[in-house]
Amino acid sequence: MSSSTVTSVPSMEKESLNPYEIVQTQIDHAGKLAGVSKDVLDILKKPKRVLYVSFPVKMDDGSIRVFEGYRAQHNDAMGPTKGGIRFHPDVNMDEVKALAMWMSFKCSVVNLPYGGGKGGVVCDPHDFSKAEVQRISRGFMEAIADIVGPEKDIPAPDVYTNAQVMGWMMDTFSRMKGHFSPGVITGKPLILGGSKGRNEATARGCVFTIEEAMKTLKKPMKGATVAIQGFGNAGRIMADLLAAEGCKIVAVSDSKGAIYQPEGLNLQQVEHLKDTASILEDPDSQVLDHPEDLLSLEVDILVPAALENVITRKNANDIKAKIVAEAANGPTTPAADNILFKKDILVLPDILANAGGVIVSYFEWVQNLMNYYWSEEEVNGKLKDMMVHSYQEVHTMAEEHKTDLRTAAYMISIKRITAAMEARGWF
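Residue indices begin from 1 for each chain and proceed along its sequence in written order. Where totals are concerned, whole chains, interfaces and linings use all residues; where local detail is concerned, this predicted model gives features only for residues with pLDDT of at least 70, and gives and counts side-chain atom pairs only at 80 or more. The side-chain values count all of the structure's non-hydrogen atoms but skip hydrogen atoms and water molecules.

Quick look at helix α1 (residues 19-33) now. With 15 residues, α1 extends 21 Å from end C-alpha to end C-alpha; this agrees with the ideal 21 Å at 1.5 Å per step. Burial of α1 is extensive: eleven of the 15 residues sit out of reach of the surface. Working definition: with a 1.4 Å probe on protein chains only, accessible area under 20% of the residue-type maximum means buried, over 50% means exposed, and in between means partly exposed. The secondary structure listing takes helices from DSSP runs of H or I that are at least 4 residues long and strands from runs of E that are at least 2 residues long, numbered from the N terminus. For α1, the set of buried residues is P19, Y20, I22, V23, Q24, T25, Q26, I27, H29, A30 and G31. Whether two residues are in contact is decided by their heavy atoms: any pair within 4.5 Å suffices. Contacts made by the buried residues of α1 are with α2 (38-44), α3 (93-109), α9 (334-342) and α13 (405-423). Sitting at the head of α1, N18 places a side-chain oxygen 2.8 Å from the backbone nitrogen of Y20. In this scheme, a helix's expected span is set at 1.5 Å multiplied by one less than its residue total. For this analysis, a polar contact is any N or O atom pair within 3.5 Å, provided that within protein one partner can donate a hydrogen and the other can accept it, and provided that sequence-adjacent residues contribute only side-chain to side-chain pairs.

Here it is in structure tokens:
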């Protein structure tokens, strides 16, 4: 679609980087276009519940340290709340509230019977031993156990947490309830009821949306150039999956820096260095002086796969990619969105592009409740069907309303949640 037809997000005089304020702006804009009343939007702009906890943990040296954490539950009109738990030193209440709200819209846009939840502990797990991380994990689950459960709120892995952490948390909850309860949490080890395909699901789902977007632009995947900001679990798997589709991965970055090779990175070599030393030691690549320069490389596909607010008013004009695929949550501010829309850059919004993780988490939860498990081929096939269908719904809505994909995705989500609240008699 041309920039002249785009109904963009209202620009703000002062750009906010507060994720809670950003998601409220997105709700207001899309909700008004969808014809939803102000009263309903006011319900959607605030989480139903936010729990703050502090809990003591015994450290390896015998000392006691008190940790703080949060669990936010946004809206449960469509079903129990669902969302990750992150361990990160920058976790705060506004971030957790915003992420829970994004999860509501993410679940709704792909039509899952969930609302949004999110949690976090203020800590850097890299500073602690494995035994200490286990005690932190168990302590946090004990602190939030009253408000989570298979029919209430189902956590999952997020930044700096993984399947092992989920296994410890599930075990803690099961001990507290007196019975094996795998459905309380997803992203678990396979032996504890995890789903095949879950580890790759976020990346795989994002790749499915990129494939559909490239069809929209009538461009082939083979030979398309890609830059990935954030070479963690999702970014790394995306690199492999996109390379398997014939794309050329020319740049990646992690917390230490960014590397660039216009002829295409040797992914096997870069991944080995990621595990053993640093990607910056790759002999065949150029180390970028400023890691953020990766965002402005002349590529077909840019994948922000790290944290929030990396594409802002300050750098959006420099972006040259044809597609921005948001594997991370909230990487683009509303002010930056406006600029990208005017540049005819197709933004695949986070609530659609990275929904593969929660879709396969839903599959895991269903399998836990049935106590019947699917093959990886079946999981991936169902994931593709849902991602492709959801992309097509969002693209159709965008075309009908002459707007961008993010606004269209929010319009679909808000309409579905509103219909559920109305059917339940909430207004």
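There's plenty left to go through after this.
With that settled, the discussion passes to unusual backbone geometry. Not every positive phi belongs to a glycine, and N309 is a case in point at roughly 60°. Positioned with a positive phi, N371 is a non-glycine residue whose angle comes to about 55°. By the secondary structure assignment, N371 is in the loop between α11 (356-370) and α12 (376-401). Given the relative accessible area of 61%, N371 is considered exposed.

Moving on, we get to the sheet that holds strand β12 (residues 346-348). At least two bridges found by DSSP between two strands is the condition for calling them paired. Taken together, the seven strands give an open sheet; going across it, the order is β9-β8-β7-β6-β10-β11-β12, and neighbouring strands pair in mixed fashion. Since the sheet does not close on itself, it has two edges, and those belong to β9 (286-287) and β12, each with one partner. Alignment of strand β6 (residues 225-229) against strand β10 (residues 301-304), held across four bridges, turns out to be parallel. When the sheet's bridge partners are listed, A227 is paired in β10 with L302.

By the bridge criterion, four bridges tie strand β7 (residues 248-254) to strand β8 (residues 257-260) in an arrangement that is antiparallel. By the bridge assignment for β8, A251 is matched with Y260. Looking at chain direction, β8 and β9 are connected through two bridges and run antiparallel. Paired with Y260 across the strands is Q286, a residue of β9.

Patch rule: a residue counts if its relative accessible area is over 30% and it has no salt bridge; like charges are joined within 9 Å, and nonpolar side chains (Val, Leu, Ile, Met, Phe, Trp, Tyr) within 5 Å. In these tables, accessible area is a Shrake-Rupley quantity obtained with a 1.4 Å probe, and a residue counts as shielded only by the protein chains included in the view. Note on definitions: salt bridges are taken to be side-chain nitrogens of Lys or Arg within 4 Å of carboxyl oxygens of Asp or Glu. His residues and chain termini do not enter the charge count, which takes Lys and Arg as positive and Asp and Glu as negative. To locate a charge, the coordinates of NZ of Lys, CZ of Arg, CG of Asp or CD of Glu are taken. Taken together, the side chains of D289, E292, D293 and D318 make up a negatively charged region of the molecular surface. Topologically, D293 is positioned in the loop between β9 and β10.

Turning our eyes to something else, we now look at the environment of K274. In this fold, K274 is placed in helix α8 (residues 267-276). Sequence separation between K274 and R236 is 38 residues; the distance between their C-alpha atoms is 9.9 Å. Not counting the four nearest positions on each side in its chain, K274 is found in contact with F231, R236, D254 and I279.

What follows covers the pattern of salt bridges. Within this structure, the stated rule accounts for 22 salt bridges. Between K38 and D42 there is a salt bridge; the shortest N-O distance is 2.9 Å. Placement of the pair is K38 and D42 together in helix α2, with a separation of four residues, close to one helical turn. By relative accessible area, which is 59% here, K38 ends up exposed. Here D300 and K322 are joined by a salt bridge, their closest N and O atoms 3.0 Å apart. Of this pair, D300 sits in the loop between β9 and β10 while K322 sits in the loop between β10 and β11 (323-325), placing them 22 residues apart in sequence. Its relative accessible area of 16% is what places D300 among the buried residues. The network of salt bridges with common partners includes R86, E95, K118, D158 and E308.

A word on the nonpolar core. By size, the foremost hydrophobic cluster in this structure holds 85 residues, and its most contacted members are I210, V303 and L348. Looking at this core, the element that brings in the most residues is α13, giving ten residues. Sequence-distant contacts of I210, defined by excluding residues within four places in its chain, comprise M221, M238, L242, I301, V303, A325 and L348. Counting 26 residues, the second-largest nonpolar core is a separate cluster that includes M59, A145, V148 and V184. Nonpolar cores were defined as sets of buried Ala, Val, Leu, Ile, Met, Phe, Trp, Tyr and Cys residues, with membership established by side-chain atoms within 4.5 Å.

Taken in spatial order, the five strands line up as β1-β2-β4-β3-β5 in an open sheet, and their pairing is mixed. Two strands lie at the open edges of the sheet, namely β1 (49-58) and β5 (153-157), each paired on one side alone. In this sheet, neighbouring strand axes are inclined to one another by 25° on average, regardless of whether the strands run parallel or antiparallel. The pairing of strand β3 (residues 81-88) with strand β4 (residues 115-122) spans six bridges and is classified as parallel. The residue bridging R86 from the neighbouring strand is G120, located in β4. Where α3 meets the sheet, it contacts β1, β2 (64-73), β3 and β4, and its direction lies at approximately 150° from that of β4. Inter-axis angles, ranging from 0 to 180 degrees, are taken between N-to-C directions of lines fitted to C-alpha atoms, where helices are fitted over the stretch in contact.

Turning our eyes to something else, we now look at the UniProt feature "binding site: substrate" (unreviewed entry) in the protein. When the UniProt feature table is mapped onto this chain numbering, "binding site: substrate" (unreviewed entry) sits at K82, K106 and S361. In sequence the annotated residues extend across 280 residues, while in space they remain close, none of their C-alpha pairs exceeding 12.7 Å. Relative to the helices and strands, K106 resides in helix α3. If near-sequence neighbours (up to four positions away) are discounted, K106 is found in contact with N329, D350, I351, N354, A355 and V358. UniProt positions are given in the numbering used here, feature names are shortened, and annotations may be inferred rather than shown by experiment.

Bringing the UniProt feature "active site" (unreviewed entry) in the protein into the picture now. Feature annotation in UniProt places "active site" (unreviewed entry) on K118, given in this structure's numbering. Tracing the backbone through its elements, the reader meets K118 in strand β4.

Before going further, it helps to examine the side chain of Q26. Within the secondary structure layout, Q26 lies in helix α1. Using a relative accessible area of 5% as the deciding quantity, one classes Q26 as buried. A polar contact of 3.0 Å, which involves the side chain of Q26, links it to the side chain of W102. Setting aside residues up to four positions removed in sequence, Q26 forms contacts with W102, R406 and Y410.

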